[in-house]
Amino acid sequence: MSTFVPKRGLRNGHLMTMYAWARGRRFRELPPAEDRYFQVTADTQVRAQCFWQRERAAHPLLVMLHGLEGSSAAHYMRGVADKGVRAGFNVLLLNQRNCGGTEHLGPGLYHSGLTEDADHVMRAVRTSDGIERIVVAGYSLGGNLALKLAGDYGDAPPRWLRGVSAVSPVMELASCVSALERRGNVIYQWNFVRGLHARMRRKQVCHPNRFDVSTLGSIRTIRQFDGAYTAPAFGFDSAEDYYHRASAMRVVGRIRVPALIITAEDDPFVPSAPFRDAAVTTNPHVEVRITDHGGHCAFVGEPSAVSDGYWAEERIVEFALRTA
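Residues numbered from 1 in each chain as written. Predicted model: local features only at pLDDT ≥ 70, side-chain atom pairs only at ≥ 80, totals over all residues. Heavy atoms only, no water.

(A) Representation of the overall build of the protein chain. In terms of helices and strands, the protein chain carries ten helices and eight strands. The C-alpha radius of gyration of the protein chain comes to 19 Å, within 12% of the 20 Å expected for a compact globule of 324 residues. With 324 residues in all, the protein chain has 60% of them scored as buried. Looking at the protein chain alone, contacts between residues at least 24 apart form 76% of all its contacts between residues at least 6 apart. (Helix = DSSP H or I, 4+ residues; strand = E, 2+ residues; numbered from the N terminus. Rg over C-alpha atoms; globule rule 2.2 N^0.38 Å. Buried < 20%, exposed > 50% of the residue type's maximum accessible area, 1.4 Å probe, protein only. Contact = heavy atoms within 4.5 Å.)

Given below as structure tokens:
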């Protein structure tokens, strides 16, 4: 695996993160996506954007999971799709519940440890499309989901799950939320909370009176939002209980499929300490790459004749080729 070298001028984690977030990207060679809907519970559907090879059953599937308030339209989701399709993969970009304009598809919310939907989607695709090799990758919240999914399977992972990878995963939610509450991270906190406010207002339109939004305007942090909405919606005792139980750190030692974790020392709100925990470092199935630079979900290097510079996306596809 190559060493990450940041793009000139982006050795600061904040600059790297903001650059990747704000920079426009085009994927002219990415074929049109097929929208597919999956009935994950009796009253809830999720939407995926699927890019299929001509003979899909003969090719492995790469399932992508996005971060908090992201969607299948996120630049890193489409960046991996572009690279994955060119490498011979079917690619499925899964929208979490309510994401990607799907608030109307179910009455509830999503959370950082809700792995059941991804499991349901993979099993459905195996049945409908005959695909027997699947690799999962996720960014940020989606990285936590990917790792927790593998850990939840424990000693009996399905034979078709060939590996999982995670970029900047919020693997220990409590420490990430605390980091977001630092003064230097106010812009990230504000952006996430603004998105959550807008989502709850859309939810109110689609499902009136499902949630009490009378005090939504007073919520200023993710911790407050999770305490008011996420935790009670899923039966957690509190935001802290939710963070503990939904974190992949609780099960990372149980992962029994190849797993790749990529994170950066200068990530503004994902501390690197959990990735050095013995539960991670002593698991022979888990490979960890902690780079000096890279920011959060960014890892933008200098482009070349054979690379667009998005190093982590390339490593995801490289890992998928190795394990599928």
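(B) Broad picture of the nonpolar core. Counting 69 residues, the largest nonpolar core has Leu 92, Val 136, Leu 147 and Met 171 as its most contacted members. Top element by residues in this core is helix H4 (residues 141–153). It accounts for seven residues. Those residues in contact with Val 136 that lie beyond four places of it in its chain are Val 63, Leu 65, Met 122, Ala 146, Leu 149, Leu 161, Gly 163, Val 164 and Ser 165. Listed in part, the 37 residues of the second largest apolar core include Leu 10, Met 64, Leu 93 and Val 300. (Core = buried A, V, L, I, M, F, W, Y, C linked by side-chain atoms within 4.5 Å.)

(C) The packing of helix H6 (residues 186–206) against helix H7 (residues 222–233), seen in detail. Two elements in contact, H6 and H7, have axes separated by 9 Å at closest approach and are oriented at 30 degrees. Here H6 is positioned roughly parallel relative to H7, judged by the angle of their axes. Mapping the contact onto sequence places Gln 189, Phe 192, Val 193, Leu 196 and Met 200 in H6 and Ile 222, Phe 225 and Tyr 229 in H7. The residue makeup of the contact of H6 with H7, split by class, is seven nonpolar, one polar and no charged. (Axes fitted to C-alpha atoms, helices over the stretch in contact; angles between N-to-C directions. Parallel < 35°, antiparallel > 145°, perpendicular 65-115°, else oblique. Nonpolar A, V, L, I, M, F, W, Y, C, P; charged D, E, K, R; others polar.)

(D) Seen up close, the sheet that holds strand E8 (residues 286–291). Strand order in this open sheet of eight strands is E1-E2-E4-E3-E5-E6-E7-E8, and the pairing throughout is mixed. The open sheet has two edge strands, strand E1 (34–41) and E8, and neither has a second partner. Neighbour-to-neighbour, the strand axes of this sheet turn through a mean angle of 20 degrees, independent of strand direction. Seen against the sheet, helix H2 (residues 75–86) touches strand E2 (44–51), strand E3 (61–65), strand E4 (90–94) and strand E5 (134–139) and runs at an angle of roughly 170 degrees to E4. Contacts from helix H3 (residues 116–129) reach E1, E2, E3, E4 and E5 within the one sheet, and its direction differs from that of E1 by about 120 degrees. (Pairing = 2+ DSSP bridges.)

(E) Representation of the pairing of E3 in the model. Taken across its five residues, E3 has five buried, putting it largely inside the fold. By the alternation rule, side chains of E3 split into Leu 61, Val 63 and Leu 65 and Leu 62 and Met 64, which are all buried. As judged from the five bridges shared by E3 and E4, these two strands associate in the parallel manner. The partner of Leu 65 across the bridge, within E4, is Leu 94. Chirality of the crossover, the property in question, places the unit of E3, H2 and E4 among those that are right-handed. (Right-handed = clockwise from strand over helix to strand, strands pointing away.)

(F) Quick look at the side chain of Arg 25. Position of Arg 25 relative to the elements: it lies in the loop between helix H1 (13–22) and E1. At a separation of 3.3 Å, a polar atom in the side chain of Arg 25 contacts the side chain of Asp 308. Within the structure, the side chain of Arg 25 is placed 2.7 Å from the side chain of Glu 313, a separation counted as a polar contact. When residues no more than four places from it in sequence are discounted, the contact partners of Arg 25 are His 75, Tyr 76, Gly 79, Lys 83, Asp 308, Tyr 310 and Glu 313. (Polar contact = N/O pair within 3.5 Å; in protein donor to acceptor, adjacent residues only side chain to side chain.)

(G) A look at H7. Buried residues of H7: Ile 222, Phe 225, Asp 226, Tyr 229, Thr 230 and Ala 231, and no others. Contacts from the buried residues of H7 go to helix H5 (173–180), H6 and helix H8 (239–246).

(H) Main features of the pairing of strand E6 (residues 161–167). Of all seven residues in E6, six are buried, a share of seventy percent or more. Where E5 lies against E6, six bridges are found, and the strand directions are parallel. What sits directly across from Gly 138, in E6, is Ala 166. Two strands pair when backbone bridges link them, and E6 and strand E7 (residues 259–264) are joined in this way by four bridges, in the parallel orientation. Paired with Val 164 across the two strands is Ala 259, which belongs to E7.

(I) Spatial organisation of the side chain of Arg 47. Mapped onto the elements, Arg 47 comes out in strand E2. The buried category is assigned to Arg 47, whose relative accessible area is 11%. A distance of 2.9 Å separates the side chain of Arg 47 from the backbone oxygen of Gly 100, its partner in a polar contact. If we skip the residues at most four places from it in the chain, Arg 47 touches Asp 35, Arg 36, Tyr 37, Ser 72, Leu 93, Leu 94, Asn 95, Gly 100, Thr 102 and Leu 105.

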